[in-house]
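Each chain is listed here by its residues.
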Amino acid sequence: KQAPIPIPVPVIRLPRGPDGTSRGFCAARGRDRAGSVAEVAEQQARAALRERYLRSILAMVGRPVHFTLHERVQVDAHFGATDLDVANFHVSQLQTPLGVQGEALLRCADIISYSFQL
């Protein structure tokens, strides 16, 4: 008898800290001290924007997406997945000016914008 397949657990990855190597909190400030009102408001705004961005990526899975790349190159593809750091998009049926590529990785640094229908 085979063991049941485990259910995937979502992983939350904290952003890089102020020193560039750690993740999460600033050691100089400490966790017990509350930030200024402006810092708290900025953190809440960043969290809301990050959540909206991640939800948009989740909504794209399996849908046709139009990408605008550098040099005004327009391509269309079916979105598949992204890596953990959201540095690359895996797409299929990538329609480029030179033809169709079955599977491809698009570097997020090369993408100016993307759009899709809900």
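Residues numbered from 1 in each chain as written. Predicted model: local features only at pLDDT ≥ 70, side-chain atom pairs only at ≥ 80, totals over all residues. Heavy atoms only, no water.

- Labelled according to an unreviewed UniProt entry, the protein appears under the name Gem nuclear organelle associated protein 7, originating from Vombatus ursinus.

**Some remarks on the packing of aromatic side chains**
- Going through the model one piece at a time under the given rule, you end up with four aromatic pairs.
- Plain terms: the ring middles of F67 and Y114 are 6.3 Å apart, the flat faces sit at 50° to each other, and that makes the pair tilted. Highlighted residues: F67 in strand 1 (residues 64–69) and Y114 in strand 5 (residues 111–116), separated in sequence by 47 residues.
- The exposure class of F67 is buried, given its relative accessible area of 0%.
- Since its relative accessible area comes to 23%, Y114 is described here as partly exposed.
- Taken together, the ring pairs in this structure connect F67, F79, F89 and Y114 into an aromatic cluster. (Phe/Tyr/Trp six-rings, centres within 6.5 Å; stacked < 30°, edge-to-face > 60°. Helix = DSSP H or I, 4+ residues; strand = E, 2+ residues; numbered from the N terminus. Buried < 20%, exposed > 50% of the residue type's maximum accessible area, 1.4 Å probe, protein only.)

**Describing the pairing of strand 2 (residues 74–82)**
- Relative to strand 2, strand 1 is paired through five bridges, and the arrangement is antiparallel. Looking at strand 2, one finds that H66 is bridged to D76.
- The hairpin turn running from strand 1 into strand 2, its antiparallel successor, is four residues long, and E71 in that turn takes a positive phi close to 65°.
- Note that strand 2 and strand 3 (residues 88–96) share five bridges and pair antiparallel. (Pairing = 2+ DSSP bridges.)

**Details of the nonpolar core**
- F67, F79, F89, V91, L94 and L106 are the most contacted members of the largest nonpolar core, which totals 15 residues.
- Only helix 1 (37–60), strand 1, strand 2, strand 3 and strand 4 (99–107) provide two or more residues apiece to this core.
- In this view, F67 contacts V73, Q74, V75, A77, F89, V91, L106, I111, S113 and Y114; residues no more than four positions away in its chain are not counted. (Core = buried A, V, L, I, M, F, W, Y, C linked by side-chain atoms within 4.5 Å. Contact = heavy atoms within 4.5 Å.)

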